[in-house]
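This is what each chain is made of:
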Amino acid sequence: VAPAEVVTWAVRSGQLPLTSMASAENEVCAVRSVACPSQTWRLQKLQRGISGAGQVPSTNMAAGDAGRGGVWMGSRADGPRTSGHVTGKMAVFPWHSRNRNYKAEFASCRLEAVPLEFGDYHPLKPITVTESKTKKVNRKGSTSSTSSSSSSSMVDPLSSVLDGTDPLSMFAATADPVALAAATDSSRRKRDRDDNSVVGSDFEPWANKRGEILARYTTTEKLSINLFMGSEKGKAGTATLAMSEKVRTRLEELDDFEEGSQKELLNLTQQDYVNRIEELNQSLKDAWASDQKVKALKIVIQCSKLLSDTSVIQFYPSKFVLITDILDTFGKLVYERIFSMCVDNRSVLPDHFSPENANDTAKETCLNWFFKIASIRELIPRFYVEASILKCNKFLSKTGISECLPRLTCMIRGIGDPLVSVYARAYLCRALLTEMMERCKKLGNNALLLNSVMSAFRAEFIATRSMDFIGMIKECDESGFPKVASPFRSLGLNLALADPPESDRLQILNEAWKVITKLKNSQDYINCAEVWVEYTCKHFTKREVNTVLADVIKHMTPDRAFEDSYPQLQLIIKKVIAYFHDFSVLFSVEKFLPFLDMFQKESVRVEVCKCIMDAFIKHQQEPTKDPVILNALLHVCKTMHDSVNALTLEDEKRMLSYLINGFIKMVSFGRDFEQQLSFYVESRSMFCNLEPVLVQLIHACVAYCFITIPSLAGIFTRLNLYLHSGQVALANQCLSQADAFFKAAISLIPEVPKMINIDGKMRPSESFLLEFLCNFFSTLLIVPDHPEHGVLFLVRELLNVIQDYTWEDNSDEKIRIYTCVLHLLSAMSQETYLYHIDKVDSNDSLYGGDSKFLAENNKLCETVMAQILEHLKALAKDEALKRQSSLGLSFFNSILAHGDLRNNKLNQLSVNLWHLAQRHGCADTRTMVKTLEYIKKQSKQPDMTHLTELALRLPLQTRT
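Along every chain, residues carry numbers that run from 1 in the direction the sequence is written. Only residues with pLDDT of at least 70 get local features here, since the model is predicted, and only at 80 or more are side-chain atom pairs given and counted; chain-wide, interface and lining totals rely on the full set of residues. Just so you know, side-chain values use all the structure's heavy atoms and leave hydrogens and water out.

In the annotation of an unreviewed UniProt entry, the entry for the chain reads VPS35 endosomal protein-sorting factor-like, and the organism field reads Rhinopithecus bieti. UniProt positions are given in the numbering used here, feature names are shortened, and annotations may be inferred rather than shown by experiment. As its UniProt record puts it under Subcellular location (unreviewed entry), the chain is described as follows: "Endosome".

Set out below in structure tokens:
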């Protein structure tokens, strides 16, 4: 029916959007040289028909429709006249369409553009919170007292010596405070840089992990906390107490703490608990700032004790984070205090200072802190507090930290609760990361330990040290843990997430694969190979990928070992196609297709084929005719199609059809139409068991539509395919073929059953028929009339079919269809239609607004109106008042949108319909109010002032 040149566009289009038909010709190799009946010939014949006889040839219908005798057959001058009012005697209501300016209406519907100043608030902008710190008021029982009296009266037991004077205070008084502060800040920044250089800038900071833990581990259970109640003793008095009094005061404070001067707070919510911990943290800082070092130590001990409570176990990680923040703060304060003792106007400690650079005062103070902590009786607070200041050992000895580390590790063994002991070890590792790594190396590079490190640390941290880790893995002892498989797998997982240095990439692959390929156990081998394939695809070319695939085939083929490793083999395929988006390159990899042959199990093989086709649809941007790609993917699609049987679920069929259709759409041979058609014929023979694929091929191959469409089972599938095929033919200027498709669709409408099967359930078909006809009407707007069939011949044929169709007794769908026809005829009466198809002259060009054409159009409108009014009258007899009200208001809105209400009779009809909608109290008051508001708003436009009078004639029904 249609020439082969429409085929290429059809397979790409799927369904032609009516509002975008004008641009469709850009995608087709058109029939511009072999168009069917020429537009010029149609135009000349229509013009002769109108101007020669002086009458529009409206009665020339197709021979097949001559015997229908419908009310739409002729163009009778008198028309079907019915009498009276809407609910009484029908009167004659001539139709006058409103002139539409589509461009102006479209512009008026645009949203008003409001310039946005960048300074204005926007909901997507980040919210900036400014924190203001206020001085806390001293309250009884609070641990955060910062009043001036208490600050001045509390004496630091570590700040004085035997003669009663503080040499550090005297030393600081003689120094320049500005220079001292600058030197301290400079030293602190250098230490921070030094700490970063040890672990590297790529090491994930604790602050990142801290936020994740607090957000993840929450609870709704009630919590409890023990707060230290600071003693009021010794707070009054002068700062120049005698040494004996200072010692006595210090002992009283410690005794007060040991005697249990504490307060237990019960039934706290999580937020209350967090607030209390934050108060303790602030109290620690305030106490330190006011030289209350004993109080600061008490707070730290008190908080450390909280880590022994695991009653609310799901909240313990967050508790650990909150309390270790206090410990970290305490450790920094102690370190900074001791470090400040080594700074004066003349010298600053170097970046890598040795204990010899620290003066005796700093060393004595450091020892004093360690002795004080060693006297803590309880194990958990003693361990945590000492771990928090462990770095202060650098002031005492070069090997102090390494000597203390084994002792602290052994101390953890004394903690009975396994959860508490694990978190204690975690804090020790976090506090002394560098020292712990050095200790790991000294332990002989244990494989289990290395695997744990690579699993826990950030991928960037591991990737930059890949060669070091490979060396350690090679040297490590097995000790009951797989020496190569697990550590190399963990290393590969990190390298898939982060890139190693470019200069090391090839060496890393060579060193790792030398070890992996020697693995004898097939499961160990494939577990490692599956991970390292991604690294190879990510950083190397198809040559290296081909080598890796060949090695996998070599290892997994003997004894059919691949049958036990399908999941890993599937992951390898997914990773390869994830990085090779150019399928011409992918299928040129020599070992790729042999690799697919290892999938012998049908279900797994189909899943792999689905992954390949999904990647092709997602990443293939341009149509292809590459024979390598076509042959390979046809084989893949054939594999999927052949898996369909009687037990295959509909969802599975739908998915397979989608993938195969996606492949068909991406095949294009350009202007080689015969080759294109040959491909479609071959596809039709290969994929005959999937109806959606046949539907796609019908879209693609218009020449076979009339042969294939009738063989389909679904009535609406056939209707829509006839409509789509006609649209495709129209877009390619094949006007006769388009007319044939539309006539076929019209002739099929009487066969639509009352009930149809939708997803296994029987449903009424009228709503689906209404949807199809609305789509059909929007297409008929741009279909040019045939010179031998009369004016609007397709519209008349369609109206005859609608008139003869047997509708449900209580259905209003027929009247809704007539309302849509009225919209179509109103659009056809405009000087310029709303949309067009490029190089197809619609009736607005063929008739040029001829008065006789408009008169014929208006007569059809009058007949449609008469049918609608008759139905409204019948509803009154059947006591279907609510339906009458709804349809009356709908018809009113249609007249308001498309009719020219400056005509008195049409204006009066609209008023009658308004009253009818409200007559029996069935109208939706809210809808009526909004409709009236819209009319008043439209009346303010320059060409719609006549609506002002109409609005005055439209009263609203009261509740009474």
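> Just to check I follow, could you spell out the layout of surface pockets for this structure?
Unfilled space is identified by rolling a water-sized probe across the atoms. Residues are said to line a cavity or pocket when one of their atoms sits within 4 Å of a point; the points come from a 1 Å grid over protein atoms alone, cavities being sets where a 1.4 Å probe fits but cannot get out and pockets being open sets with protein on both sides within 12 Å along at least five of seven lines. Grid points are joined across faces, edges and corners, and a volume is the space filled by probe spheres set on the points. Volume-wise, the second largest pocket comes out at about 1000 Å³. In terms of lining, the second largest pocket is formed by 26 residues, of which the most central are Glu691, Gly714, Phe716, Thr717 and Asn720. Secondary structure elements are defined from DSSP: runs of H or I of at least 4 residues count as helices, runs of E of at least 2 residues count as strands, and each element is numbered from the N terminus. Counting residues per element, the lining of the second largest pocket draws most heavily on helix 33 (residues 715-731), at six residues. Polar here means any residue outside two lists: the nonpolar Ala, Val, Leu, Ile, Met, Phe, Trp, Tyr, Cys and Pro, and the charged Asp, Glu, Lys and Arg; Gly therefore counts as polar. Of the residues belonging to the lining of the second largest pocket, the class tally is twelve nonpolar, nine polar and five charged.

> Looking at this structure, I do not really get the side chain of Ser304. What am I missing?
Tracing the backbone shows Ser304 in helix 10 (residues 293-305). Residue classification places Ser304 among the buried positions, given a relative accessible area of 0%. Definition of a polar contact: a pair of N or O atoms within 3.5 Å, with one able to donate and the other able to accept a hydrogen when the atoms are protein atoms, and with sequence-neighbouring residues admitted only if both atoms are side-chain atoms. A distance of 2.9 Å separates the side chain of Ser304 from the backbone oxygen of Val300, its partner in a polar contact. The cut-offs for exposure are 20% and 50% of the maximum accessible area for each residue type, with area from a 1.4 Å probe on protein chains only; residues under the lower value are buried, those over the upper are exposed, and the others partly exposed.

> Quick question: what am I supposed to make of the pattern of salt bridges here?
Should their charged atoms come close, side chains of opposite charge can pair. Counted as salt bridges are all cases of a side-chain nitrogen of Lys or Arg within 4 Å of a carboxyl oxygen of Asp or Glu. The tally for this structure, following the rule as stated, stands at 23 salt bridges. A salt bridge links Arg98 to Glu105; its shortest N-O distance comes to 3.9 Å. Here Glu652 ties to Lys610 by a salt bridge, and the two come within 3.4 Å at their closest N and O atoms. Of this pair, Glu652 sits in helix 29 (residues 650-665) while Lys610 sits in helix 27 (residues 602-619), and the two are 42 residues apart along the sequence. Residues joined by salt bridges that share partners form a network here, namely Arg489, Glu530, Glu534 and Lys575.

> Can you help me understand the packing of aromatic side chains in this one?
Given two aromatic rings, one states the distance between the centres and the angle between the planes to describe the pair. For Phe, Tyr and Trp, where Trp contributes only its six-membered ring, two rings pair if their centres lie within 6.5 Å, and the inter-plane angle classes them as stacked under 30 degrees, edge-to-face over 60, or tilted in between. For the structure shown, the criterion picks out 31 aromatic pairs. Ring centres of Trp513 and Tyr525 lie 6.3 Å apart, and the angle between their planes is 70 degrees; on these two criteria the pair is classed as edge-to-face. Of this pair, Trp513 sits in helix 21 (residues 505-516) while Tyr525 sits in helix 22 (residues 522-539), and the two are twelve residues apart along the sequence. Exposure remark for Trp513: the relative accessible area of 13% places this residue in the buried category. A centroid spacing of 5.9 Å and a plane angle of 50 degrees characterise the contact between Phe583 and Phe587, whose relative ring orientation is tilted. With a relative accessible area of 0%, Phe583 lands in the buried category. Look at Phe587 and you get buried, because its relative accessible area is 8%. Three or more aromatic residues joined by ring pairs make a cluster, and in this case those are Phe583, Phe587, Phe592, Phe616, Phe663, Phe669, Phe679 and Tyr680. Remark: a charge is flagged as sitting over a ring if the NZ atom of Lys or the CZ atom of Arg is within 6 Å of the ring centre and within 35 degrees of the ring normal. Positioned above the aromatic ring of Phe461 is the side chain of Arg465, whose terminal nitrogen or guanidinium carbon lies 4.0 Å from the ring centre. Stacked on the ring of Tyr805, the Lys or Arg Lys754 has its end atom at 4.3 Å from the ring centre.

> Sorry if this is basic, but what is going on with the packing of helix 39 (residues 851-877) against helix 40 (residues 881-898) here?
In the contact formed by helix 39 and helix 40, the axes pass within 9 Å of each other and the chain directions differ by 155 degrees. As summarised for this structure, helix 39 and helix 40 are arranged roughly antiparallel, according to the angle between their axes. The two elements helix 39 and helix 40 meet at a crossing, and its hand is left-handed. Between helix 39, through Met865, Ile868, Leu869, His871, Leu872, Leu875 and Ala876, and helix 40, the contact on the second element is made entirely by Arg883, Gln884, Leu887, Gly888 and Phe891. Note on definitions: angles span 0 to 180 degrees between N-to-C directions of axes, and those axes are lines fitted to C-alpha atoms, for helices only across the stretch in contact. Working definition: roughly parallel below 35 degrees, roughly antiparallel above 145 degrees, roughly perpendicular at 65 to 115 degrees, and oblique for all remaining angles. Definitions for this section: a left-handed crossing has its near helix turned counterclockwise from the far helix by less than a right angle. A right-handed crossing has that turn clockwise. Two residues qualify as a contact provided that any one of their heavy atoms is within 4.5 Å of a heavy atom in the partner residue.

> What is the right way to read the pairing of strand 3 (residues 755-758) from this model?
On any regular strand, side chains alternate: one points to one face of the sheet, the next to the other face. A pair of strands is considered paired only if DSSP assigns at least 2 bridges between the two. Strand direction decides the pairing type here: strand 3 and strand 4 (residues 761-764), joined by four bridges, are antiparallel. Directly across from Asn757, in strand 4, lies its bridge partner Met762. Linking strand 3 to strand 4, which pair antiparallel, is a turn of two residues; within it Asp759 sits at a positive phi near 55 degrees.

> Would you mind going over the environment of Lys474 with me for this structure?
Tracing the chain through its elements places Lys474 in helix 19 (residues 466-475). On the accessibility criterion, Lys474 (38% relative accessible area) is partly exposed.

> How should the state of the cysteines be read in this particular structure?
Simply put, the disulfide is a covalent bond whose two ends are the sulfur atoms of two cysteines. By convention in this document, the label disulfide applies to cysteine sulfur atom pairs within 2.5 Å. Tallied over the entire structure, the rule returns zero disulfides. Unpaired in terms of disulfides, Cys392 finds its nearest cysteine sulfur in Cys366, a separation of 5.1 Å. For Cys392, a relative accessible area of 1% corresponds to the buried category.

> What exactly am I supposed to notice about the side chain of Asn281 here?
Positionally, Asn281 belongs in helix 9 (residues 270-289). In contact with Asn281, not counting residues within four places along its chain, are Ile326 and Thr329.

> Please explain the environment of Phe583 as it appears in this structure.
Relative to the assigned elements, Phe583 resides in helix 25 (residues 583-586). Spatially, the C-alpha atom of Phe583 lies 9.1 Å from that of His619, the residues being 36 residues apart in sequence. Dropping the residues within four chain positions of it, Phe583 is found in contact with Ile612, Ala615, Phe616, Gln620 and Ile629.

> What should I look at first to understand helix 33 in this one?
An α-helical segment advances 3.6 residues per turn. Residues three or four places apart therefore align on the same side. Take the residue count of a helix, subtract one, and multiply by 1.5 Å to get its expected span. For helix 33, built from 17 residues, the straight-helix expectation of 24 Å at 1.5 Å per residue is met to within 8% by its first-to-last C-alpha distance of 24 Å. Counted residue by residue, helix 33 has 15 buried out of 17 residues, so it is predominantly covered. Gln733, located one to two residues past helix 33, shows a positive phi value of around 60 degrees.

> Help me out: how do you make sense of the confidence of the model for the chain in this one?
In low-pLDDT regions, the fine details of the predicted coordinates are not to be read closely. The share of residues in the chain with pLDDT of 70 or more is 72%, and the mean pLDDT across the chain is 76. Throughout residues 47-71 the model reports pLDDT below 50, and contacts reaching past four residues in sequence, or to other chains, amount to 47 contacts. pLDDT under 50 marks residues 73-90. Its contacts with residues more than four places away, or in other chains, come to 53 contacts. Looking at any residue, its pLDDT shows the predictor's confidence there, from 0 to 100.

> What is the right way to read unusual backbone geometry from this model?
Of all residues except glycine, most have a negative phi; of all peptide bonds, most are trans. Despite not being glycine, Asp291 shows a phi value in the positive range, around 65 degrees. Secondary-structure assignment places Asp291 in the loop between helix 9 and helix 10. Taking the relative accessible area as the measure of exposure, Asp291 reaches 41% and is therefore partly exposed. A positive phi angle is found at Lys839, which is not glycine, with a value near 70 degrees. When you line up the elements, Lys839 lands in the loop between helix 37 (813-828) and helix 38 (843-846). Its relative accessible area of 47% is what places Lys839 among the partly exposed residues.

> What should I look at first to understand the environment of Leu773 in this one?
By secondary structure assignment, the location of Leu773 is in helix 35 (residues 766-780). Taking C-alpha positions, Leu773 is 9.8 Å from Ile802, a pair spaced 29 residues apart along the chain. Residues contacting Leu773, with those up to four places away along its chain left out, are Ile749, Leu798, Ile802 and Ile817.

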